[in-house]
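Structural overview
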Amino acid sequence: MNKLPKDPVMLLSVVNTHLRDFYPGLDEFCKANEIDRAGLEEQLKTINYEYDENRNQFV
């Protein structure tokens, strides 16, 4: 999954779906997909979403 959407809203949808269906946490998702966690969180912060570890999703 090297090609993540550039649009933050689409990115949110893709990431949350993958977290729900395939990964127990954000670190595992980022590691498996070679994604910089801080960069991902910054992108989603631009649309006021932050990672909630208890829910395992961006809210």
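Below you will find a few notes about this structure. Here the residue numbers are simple positions, counted from 1 along each chain's written sequence. pLDDT decides what is reported in this predicted model: residues at 70 or higher carry local features, side-chain atom pairs at 80 or more are listed and counted, and totals for whole chains, interfaces and linings draw on all residues regardless. Only hydrogens and water are set aside when side-chain values are computed; all heavy atoms of the structure are taken into account.

Comments concerning the side chain of N56
- Secondary structure elements are defined from DSSP: runs of H or I of at least 4 residues count as helices, runs of E of at least 2 residues count as strands, and each element is numbered from the N terminus. Relative to the helices and strands, N56 is located in the loop between β1 (51-52) and β2 (57-58).
- On the accessibility criterion, N56 (13% relative accessible area) is buried.
- Looking at N56, its side chain comes within polar contact range of the main-chain oxygen of Y23, at 2.8 Å.
- Any pair of residues with heavy atoms lying within 4.5 Å of one another is described as a contacting pair. Those residues in contact with N56, other than ones at most four positions away along the chain, are L19, Y23, P24, G25, L26 and Y51. Relative accessible area decides the class of each residue, using a 1.4 Å probe on protein chains only: under 20% of the type maximum gives buried, over 50% gives exposed, and in between gives partly exposed. In the analysis that follows, any N or O atom pair within 3.5 Å is treated as a polar contact, provided that within protein one partner can donate a hydrogen and the other can accept it, and provided that, for residues neighboring in sequence, both atoms belong to side chains.

Comments concerning the packing of helix α2 (residues 26-33) against helix α3 (residues 37-45)
- All axes are obtained by fitting lines to C-alpha atoms, using only the stretch in contact for helices, and the reported angles, taken between N-to-C directions, cover 0 to 180 degrees. The interhelical angle for the contact between α2 and α3, taken along N-to-C directions, is 115°, at an axis separation of 10 Å. Considered as vectors, α2 and α3 are oriented roughly perpendicular to each other. Only R37, L40 and E41 of α3 make contact with α2, whose side of the interface consists of L26, D27, F29 and C30.
- Amino acid classes used here: Ala, Val, Leu, Ile, Met, Phe, Trp, Tyr, Cys and Pro are nonpolar; Asp, Glu, Lys and Arg are charged; the rest, including Gly, are polar. A breakdown of the residues in the contact of α2 with α3 according to their chemical character gives four nonpolar, no polar and three charged. Reported orientations rely on four angle classes, namely roughly parallel under 35 degrees, roughly antiparallel over 145, roughly perpendicular from 65 to 115, and oblique for the rest.

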